[in-house]
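# Observations on chain architecture
Letter by letter, the chains look like this.
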Number of protein chains: 2
Amino acid sequence: MKKFVNDPKNYVPEMLEGLALANPDTLRYVPDYNLIMRADAPRADKVSIIQGSGSGHEPAHVMAVGPGMLDAACPGDVFAAPPTDYVYETIKLLGTPKGVLLLVNNYTGDRMAFDMAQELAEAEDVNVRTLFIDDDVSVQDSTYTVGRRGVAGNFFVMKAVGAAAERGADLDEIYRIGEKVNSVTRTMGMALTACTPPAKGAPLFDLPADEIEMGVGIHGEPGRRRVKLMPADEIVDELLDAVVTDLPFESGDRVALMVNGLGGTPISELYIVYRRAHNQLADRGITVGRNYVGEYCTSLDMAGASITLVRLDDEIESLLADPAEIAIRVF
Amino acid sequence: MKKFVNDPKNYVPEMLEGLALANPDTLRYVPDYNLIMRADAPRADKVSIIQGSGSGHEPAHVMAVGPGMLDAACPGDVFAAPPTDYVYETIKLLGTPKGVLLLVNNYTGDRMAFDMAQELAEAEDVNVRTLFIDDDVSVQDSTYTVGRRGVAGNFFVMKAVGAAAERGADLDEIYRIGEKVNSVTRTMGMALTACTPPAKGAPLFDLPADEIEMGVGIHGEPGRRRVKLMPADEIVDELLDAVVTDLPFESGDRVALMVNGLGGTPISELYIVYRRAHNQLADRGITVGRNYVGEYCTSLDMAGASITLVRLDDEIESLLADPAEIAIRVF
């Protein structure tokens, strides 16, 4: 295993410690609950937004904490749901008079942890709602889900509800917005290579040198099919067709287009993917109103990418355009 | 070769086309000269800043074009210097009454192309100066250089001269600032794996599964030594010691610290590296005033990282703090 890792047990806490050291004025790391939160949270004048999930998907979600996005992220270990009591303590820490919205990608383990934590918090009169995200069109049920999986499209939900919370919206209104964004967001990804979890020390699954996995999950779960390696444009066409026909997106639509790297793919290749996706959408009469090219929701060091489309309307586009300040800086 | 690639000959132009499609209002792609420039350049009221180099190091340098950074980047093919006539045409396109500053990482091929292009442009009365960047402490001479190599530290030079140009400084003053930043910037990198150039279709060099290359160059050139795979903290300590003792950085210094991924390493691991580097600097009495964690100057899909330190003073820190708007967005 060729990684920057010390004891694999400390992979997540050491990463979180590094993140907090790099952002001393804006983020706070609470080791007791494996928690990253805004230094100025909770703020009594707004709903708190919390997302939890397994680790190994960075920048999701610990690096998406900041004004206009999340108030806190409570990650589990690599590819593992956070413990219920950590989620519960996080809700209590972040509770405000306006309430708390929990964002959860649709995986059975995460749902269980967050459902129980919500019940515990409600017993102490914290006003909590939970929104499940399920943007992955690849499969209907999967290794770790009943129903569709939640993947990179969750960034659009986070951004929209984060902006609405910053504007002062109430919990029901924020929930409505999050549900609406999720309902018009579709994603599909594919793997060129498997990922290597630090605790396992070897690739999580076997993917021959001349094969790729179309529709792969972000924990390496099987997708739709294994095929021989193809040119970039053919890969993009297959992903895009699956995404476009699912909602469906139609001629005249205005969309946000995200090309998301899965961890091991350089940004040069992501722009080759972007080029094809943008041009193919133009051919279908679909306009790209906003675009996002980079790493958002990864699968450790997996080489591969996902494509997300969001159907924009004035409300969603306005929320996506609001400022956000998160820990992933550029220069 | 598991990559998003069509015909490898089109790797660079397809990437540049994607970049321009994703930034229609701010960037312009000039296919004739393989050129990415600000849509509003040249601006008569400022010095134009141009950086050229081989491709394969993205986001350097084509994604560093924008207000407060570069006015244009003229990349060559993967790991190859841009042709002299492309550089010459770029200088002419970007020429302003205040002049042009060329930034060149110190590689023999790039120096030749830029020296000749500068001479051609000067014969047509364009006011041009060239600044060479050589921040890599790993080796004194190398496969492709006389003297030290220029690597990720060049982002600090770009940022400082870009800010100074935006403030309206003249060419000599901007050159002075760039030279000063380069003189207090030091970098060393290491490879966990080799990179795979698209045209070759196979790893550029052989690195056994249990070995790493300390001091590797960004084209896979040999570094200081090959050693057995080590825990993350030990790798960081060796890189940091080489960087700190070279200037040297001393107790009481205030620095910018960059942890740069080489293309195949996920950001989770880069924060594990950051944690150790930050703490080790604190132990040495060195304060991190600004930090940068992510991919800046990569080597295609190489797994690995480099560490850069810049000794800050009020002038440099003020220039680094100025706003910059480049094509690498987050949310």
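Residues numbered from 1 in each chain as written. Chains lettered and ligands numbered in written order. Predicted model: local features only at pLDDT ≥ 70, side-chain atom pairs only at ≥ 80, totals over all residues. Heavy atoms only, no water.

Within an unreviewed UniProt entry, the label attached to chain A reads Dihydroxyacetone kinase subunit DhaK, and the organism entered is Pseudonocardia xinjiangensis.

Residue and element names in this part refer to chain A. Between its first and last C-alpha, helix α7 (residues 267-283) extends 24 Å over 17 residues, near the 24 Å set by a 1.5 Å rise per residue. Counting buried positions along α7 gives 13 out of 17 residues, so the element sits mostly inside the fold. Once α7 ends, the next one or two residues include G285, with phi positive near 80 degrees. (Helix = DSSP H or I, 4+ residues; strand = E, 2+ residues; numbered from the N terminus. Expected span 1.5 Å × (residues − 1). Buried < 20%, exposed > 50% of the residue type's maximum accessible area, 1.4 Å probe, protein only.)

What follows is about the pattern of salt bridges. Close approach of charged atoms allows side chains of opposite charge to pair. Residue and element names in this part refer to chain A. One pass over the full model with this rule turns up 60 salt bridges over all chains. With a closest N to O distance of 3.9 Å, K228 and E211 form a salt bridge. Of this pair, K228 sits in strand β9 (residues 225-228) while E211 is found in strand β8 (residues 211-214), placing the two residues 17 residues apart along the sequence. Salt-bridge contacts for R275 lead to D233; the nearest nitrogen and oxygen are separated by 3.8 Å. Placement of the pair is R275 in helix α7 and D233 in helix α6 (residues 232-246), with a sequence separation of 42 residues. The pair formed by R275 and D233 is uniform in burial state, with each residue classed as buried. Several salt bridges converge on common partners, so that one network encompasses R38, D40, R43, D45, K46, D71 and E166. (Salt bridge = Lys/Arg side-chain N within 4 Å of Asp/Glu carboxyl O.)

A few words on the state of the cysteines. Residues and elements named next belong to chain B. Summed over all chains, the structure comprises zero disulfides over all chains. Of all cysteine sulfurs, the one in C297 lies closest to C74, which takes part in no disulfide; the gap is 15 Å. For C74, a relative accessible area of 1% gives the class buried. Lacking any disulfide linkage, C195 is separated from the closest cysteine sulfur, that of C297, by 12 Å. We classify C195 as buried; its relative accessible area is 0%. (Disulfide = S-S within 2.5 Å.)

Residue and element names in this part refer to chain B. At their nearest, the axes of helix α5 (residues 171-183) and helix α8 (residues 314-321) sit 11 Å apart, and the two run at 105 degrees to each other. With respect to α8, the axis of α5 lies roughly perpendicular. Together, E173, R176, I177, K180 and V181 of α5 and E315, I316 and L319 of α8 make up the contact between the two elements. (Axes fitted to C-alpha atoms, helices over the stretch in contact; angles between N-to-C directions. Parallel < 35°, antiparallel > 145°, perpendicular 65-115°, else oblique. Contact = heavy atoms within 4.5 Å.)

Residues and elements named next belong to chain A. Under the domain assignment used here, chain A contains domain 1 (8-183) and domain 2 (186-321). Centre-to-centre separation of domain 1 and domain 2, based on C-alpha positions: 23 Å. Contact with domain 1, which involves 37 residues of that partner, is made by 39 residues of domain 2. Carbon and sulfur atoms make up 62% of the area that domain 1 and domain 2 hide from each other, which totals about 3100 Å². Summed over the three residues of domain 1 that lose the most area to domain 2, namely F79, V137 and F156, the buried surface amounts to 21% of that side. The interface formed by domain 1 and domain 2 holds four salt bridges in total. In this structure, D246 engages R148 in a salt bridge whose closest nitrogen and oxygen atoms are separated by 2.6 Å. Summed over the shared surface of domain 1 and domain 2, the number is 19 residue pairs in polar contact (both at pLDDT 80 or more). Those elements that provide at least two residues to the side of domain 1 that touches domain 2 are α4 (154-166) and α5 (171-183). In terms of residue count, the dominant contributor to the side of domain 1 that touches domain 2 is α5 (seven residues). Among the residues forming the side of domain 1 that touches domain 2, the class breakdown is 19 nonpolar, eight polar and ten charged. (Domains from an automatic or database assignment. Buried area = accessible area lost by both parts, 1.4 Å probe. Polar contact = N/O pair within 3.5 Å; in protein donor to acceptor, adjacent residues only side chain to side chain. Nonpolar A, V, L, I, M, F, W, Y, C, P; charged D, E, K, R; others polar.)

Here we take up the interface of chain A and chain B. In this complex, chain A contributes 63 residues to the contact, which on the side of chain B involves 62 residues. Between chain A and chain B the total buried area reaches about 5600 Å² when both faces are included, carbon and sulfur atoms providing 65% of it. For the chain A face of the interface with chain B, the top three residues by lost area are K2, F4 and F331 of chain A, together amounting to 20%. Run the count over chain A and chain B and you get four salt bridges. Between K3 of chain A and E269 of chain B there is a salt bridge, with its nearest N and O atoms 3.4 Å apart. Our enumeration of links across chain A and chain B arrives at 22 residue pairs in polar contact (both at pLDDT 80 or more). Breaking the side of chain A that touches chain B down by element, the ones donating at least two residues are α1 (11-22), α4, α6, α7, β11 (287-294) and β12 (304-311) of chain A. Top contributing element to the side of chain A that touches chain B by residue count: α7 of chain A, with ten residues. Looking at the side of chain A that touches chain B residue by residue, the class counts come to 39 nonpolar, eleven polar and 13 charged.

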